[in-house]
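Each chain is listed here by its residues.
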Amino acid sequence: MSRKVVNKVKKFMAMGSALMAAAVFFLMGSGLAAYGAESSVVEDITVTFKADYGEQGEIPDPEITVTGKGCSLGDVQYRTAYDRWKPGKKVRVEITLNADEGKVFPVSLTRSQCKVSGAEFVSAKALDDGTFQVKADYRPIVALADTERAGWSSKNAGRAVWKSVEYAPGYSLVLYGDDKVVKRMNVSTNSVDLSEFMADDDKTYYYEVKAVPTTSDEKKYLKEGNFVSSTSQELDWDEETDNGTGDGGSVKGNNYVLPDGTKETDTWKKIGGYWYYFDQRGSMAKGWQNIGGFWYYMDANGRMQTGWVNTEGDTWYYLYENGGMGVGWIQPQPGVWYYADGDGKMHRGWLSLNGKWYYLNPDGRMRTGWLQEGANAYYFFSDGSMAVNAMIEGRYIDVNGVAH
């Protein structure tokens, strides 16, 4: 083959290689461009519920906003009528989103793809390509009002009585004697006997009281009221006690029914001075109940119990004034300590905590001083902890707490 022909072949092959490389570059470039183009599918949404505490006693509407590329807020529907909203009681909200031009929604989104703030995510699914529905449970909030009247019982001069506050699960009270604090306490009723703290006849006593949430969960949707000072006016306890709920409802059978025939569910009701709980089916709760992460005990009549209760054999539990079951160290009265295990049962006998030993008497009271158990004697300090490696009243206490 001549040199001229060989050169022509080489030029042809070189041109072919260049064209092939150009084609490959074009195809790759087109693919990269297509890959880098913005997706037409809306895949990230955030729905925010924001409510500020308004006027005392008024339940504000939440402000609902939506952020996310390619969509905007549409219609909002509440599945509970506003006049039936209760602080902390879930209200189902259905939110419709509209896709922007050129955008479409997927069939559904998970809670990580559809984030809900200020409410509880329920579901997120498409109604069609251009509309999307988000369901969430919102818990209304309220600023507790101030009591309208605070005075003293006409039948017992030492009993503080004040007008109950709507939605208030409890009250904080401060007793003063000559403008100095005598006693602070929290109560679940709108009356308390203060006689034992008012023994000095030379002092002038008065109290301040305000409505407050009583549990960590209630603090999420209830804002405490302001202190109101008592006056010298006499109030009739029977009239001021909250014998009704103020919503016109009543107990019918095992349910609490509103005037329109609707059964109240998942809610507390104070009736005749006692607290009752109606579960998610609307039935009056009885026995042990876990509500909002706390254990309560209702008797056979549905009344919430407080103080010591014996629910089985000789097993005792302590329930605080707000009904919550006590766990750990409990002091029902000054200077008297008990210990409740993790399941709430009153502990008896030996107890090891944080490297120290304690002893609880058969009646549950924490032991202090000397204990004779068989042939061995032990000594417990005023905080209940057992002495070890110490000299007590001329006796040597060894590493096991045994006196010699």
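Values in this document were obtained by computation on a predicted structure and should not be read as measured data.

**Student:** How do you make sense of the pattern of salt bridges when you look at a structure like this?
**Tutor:** Close approach of charged atoms allows side chains of opposite charge to pair. The full count for this structure, using the stated rule, is 12 salt bridges. What you see here is one network of salt bridges that share partners, running through Lys89, Glu264 and Lys269.

**Student:** Help me understand the sheet that holds strand 1 (residues 45-50) in this model?
**Tutor:** Across a sheet, paired strands are connected by hydrogen bonds in the backbone, their directions being either parallel or antiparallel. Reading across from one edge, 2-1-5 is the order of the three strands in this open sheet, with mixed pairing throughout. Each edge of the sheet is formed by a strand with only one pairing partner; in this case those strands are strand 2 (63-67) and strand 5 (114-117). Going from strand to strand, the sheet's axes swing by 15° on average, the running direction of each strand aside. Where strand 1 and strand 2 come together, five bridges link them in antiparallel fashion. Counted as the bridge partner of Lys50 is Glu63 from strand 2.

**Student:** Explain the pairing of strand 29 (residues 356-360) to me, please; I cannot follow it from the model alone.
**Tutor:** In summary, the side chains of a regular strand alternate between the two faces of the sheet. The pairing of strand 28 (residues 349-353) with strand 29 spans five bridges and is classified as antiparallel. By the bridge assignment for strand 29, Leu353 is matched with Lys356. Linkage of strand 28 to strand 29, two consecutive antiparallel strands, is achieved through a turn of two residues, within which Asn354 is found at a positive phi near 50°.

**Student:** I keep staring at the layout of surface pockets and nothing clicks. Help me out?
**Tutor:** Once rolled over the atoms, a probe with the size of a water molecule shows which space is left empty. The calculated volume of the second largest pocket comes to roughly 490 Å³. Forming the boundary of the second largest pocket are 15 residues, of which Lys183, Met185, Glu321, Gln331 and Pro332 lie nearest the centre. At the level of secondary structure, the elements contributing two or more residues to the lining of the second largest pocket comprise strand 12 (180-187), strand 13 (191-193) and strand 26 (328-333). Residue contributions to the lining of the second largest pocket peak at four residues, all from strand 26. Residue composition of the lining of the second largest pocket, grouped by class: eight nonpolar, three polar and four charged.

**Student:** What should I look at first to understand the pairing of strand 14 (residues 205-212) in this one?
**Tutor:** Of all eight residues that make up strand 14, seven are buried, and the element is covered over most of its length. Inspection of the sheet shows strand 11 (residues 170-177) paired to strand 14 by eight bridges, in the antiparallel sense. Note that in strand 14 the partner of Ser172 across the bridge is Lys210. Relative to strand 16 (residues 228-229), strand 14 runs antiparallel, the two being bridged by two bridges.

**Student:** Please clarify how the environment of Ala81 should be interpreted in this entry.
**Tutor:** Within the secondary structure, Ala81 is located in the loop between strand 3 (71-78) and strand 4 (91-99). The spatial distance from the C-alpha of Ala81 to the C-alpha of Val91 is 9.1 Å, given a sequence separation of 10 residues.

**Student:** Explain the packing of aromatic side chains here, please?
**Tutor:** Working definition: an aromatic ring pair is given by the centre-to-centre distance plus the angle between the planes. Within the structure shown, the criterion is met by 28 aromatic pairs. Ring geometry for Trp268 versus Trp275: centroids 6.5 Å apart, planes at 85°, classification edge-to-face. On the basis of relative accessibility, which here comes to 16%, the residue Trp275 falls in the buried class. Ring centres of Trp329 and Tyr339 lie 5.1 Å apart, and the angle between their planes is 75°; on these two criteria the pair is classed as edge-to-face. Of this pair, Trp329 sits in strand 26 while Tyr339 sits in strand 27 (residues 336-340), and the two are 10 residues apart along the sequence. By relative accessible area, which is 14% here, Tyr339 ends up buried.

Definitions and limits used
- Residues numbered from 1 in each chain as written.
- Predicted model: local features only at pLDDT ≥ 70, side-chain atom pairs only at ≥ 80, totals over all residues.
- Heavy atoms only, no water.
- Salt bridge = Lys/Arg side-chain N within 4 Å of Asp/Glu carboxyl O.
- Pairing = 2+ DSSP bridges.
- Helix = DSSP H or I, 4+ residues; strand = E, 2+ residues; numbered from the N terminus.
- Axes fitted to C-alpha atoms, helices over the stretch in contact; angles between N-to-C directions.
- 1 Å grid on protein atoms, 1.4 Å probe; cavity = no way out; pocket = protein on both sides within 12 Å on 5 of 7 lines; lining within 4 Å.
- Points joined across faces, edges and corners; volume = space filled by probe spheres on them.
- Nonpolar A, V, L, I, M, F, W, Y, C, P; charged D, E, K, R; others polar.
- Buried < 20%, exposed > 50% of the residue type's maximum accessible area, 1.4 Å probe, protein only.
- Phe/Tyr/Trp six-rings, centres within 6.5 Å; stacked < 30°, edge-to-face > 60°.

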